[in-house]
Amino acid sequence: MSSRVPRTLFSWLDVLAIAAWGILFLKYWVTGKLFLLIHPNYIWLTIIAGFVLLVLAGIRAVTLFRRARRGERIGGSATQHLTLFPPGWSSALLLATAILGLLISPRAFASQTAIDRGVNDTLTMTRVKPQAFRGIQESEDKSIVDWIRTLTVYPEPDAYTGQKAKVQGFVTYPPNLPDQYLLISRFVITCCAADVYPVSLPVKLSQSRKAYKPDTWLEIEGQMITETLSEKRQLVIAATGIKEISEPKNPYDY
């Protein structure tokens, strides 16, 4: 009897851990936080996984109830618990992690993360997808990522001088950027939050950038010009209109 009680507790700990992760996935879905964690293409998989985990936890719970009513022993032989870690350790860790996820709300990456990960005005050639912007007719319809992909294919900034631009992103101030400039940035997600990387375009202001705090989301309208920044000729948006906006539901691009 003495070994039966702990094994019963371990079995219920498994149920709680499975159910907690199912609830966590579905909570992130209902609250819209999944957009901060995974690519939109995989959201439906996460939702299905959440429901499956709850069903599995329910089936396991019913099985435990039935065995308890019949007085059956729960668990296997004592040798099954001769493992590197104490019995129930892995389930307890999974449960604790899920509880932390339920208590702590995920947030979008900020400008400091963009600086730490290397704010760039180009994408590597392996990530270029020209078809993503081929159908866009008006330059005002291009997002920051569309402009970056265009520059990656044809990097001469003078080719775009005079074109109109209208982009949305958050403010970033990397080191050594002149006071009259800021970077308008977005994170690009390919699979999950672990692989996001920043892209940005320089913006030339008609006033000091002190009016715009880092991480503030802006919609910037302007005209493309060529400027030399950090000894490099770059495509820059000469801002003619700046409007502060709310952080979008899905702050990442792809």
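Located above this text is the structure these notes cover.
How each quantity is defined
Residues numbered from 1 in each chain as written. Predicted model: local features only at pLDDT ≥ 70, side-chain atom pairs only at ≥ 80, totals over all residues. Heavy atoms only, no water. Helix = DSSP H or I, 4+ residues; strand = E, 2+ residues; numbered from the N terminus. Buried < 20%, exposed > 50% of the residue type's maximum accessible area, 1.4 Å probe, protein only. Contact = heavy atoms within 4.5 Å. Expected span 1.5 Å × (residues − 1). Arc of directions from axis to C-beta. Phe/Tyr/Trp six-rings, centres within 6.5 Å; stacked < 30°, edge-to-face > 60°.

*Asks:* Please clarify how the environment of Ser-139 should be interpreted in this entry.
*Replies:* Looking at the secondary structure, you find Ser-139 in the loop between helix H4 (111-116) and helix H5 (144-153). Judged by its relative accessible area of 11%, Ser-139 falls in the buried class. In this structure, the C-alpha to C-alpha distance between Ser-139 and Ala-165, residues 26 residues apart in sequence, is 5.9 Å. Setting aside its immediate chain neighbours within four residues, Ser-139 contacts Trp-147, Gln-163, Lys-164 and Ala-165.

*Asks:* Which parts of the structure should I look at to understand helix H3 (residues 89-103)?
*Replies:* Relative to the 21 Å expected for 15 residues at 1.5 Å per residue, H3 spans 21 Å between its end C-alpha atoms, a close match to the ideal helical length. Taken together, the buried positions of H3 are occupied by Ser-91, Leu-95, Ala-98 and Gly-101. Seen end-on, H3 carries its buried residues on one side only, within an arc spanning 120°.

*Asks:* Explanation requested: the packing of aromatic side chains in the structure shown.
*Replies:* Aromatic rings in a pair are described by how distant their centres are and how their planes are angled relative to each other. Applying the stated criterion across every chain, the model contains 9 aromatic pairs. For the ring pair Phe-109 and Phe-187, a centre distance of 5.6 Å and an interplane angle of 50° mean the geometry is tilted. Highlighted residues: Phe-109 in the loop between H3 and H4 and Phe-187 in strand E2 (residues 181-188), separated in sequence by 78 residues. Its relative accessible area of 25% is what places Phe-109 among the partly exposed residues. A ring pair is formed by Phe-187 and Tyr-252, whose centres lie 6.4 Å apart and whose planes are at 85°; its orientation type is edge-to-face. Of this pair, Phe-187 sits in strand E2 while Tyr-252 sits in strand E6 (residues 252-253); the two residues are 65 residues apart in sequence, bridging distant segments of the chain. The class of Tyr-252 is buried, set by a relative accessible area of 3%. An aromatic cluster is present here, built from Phe-109, Phe-170, Phe-187, Trp-217 and Tyr-252 joined pairwise through their rings.

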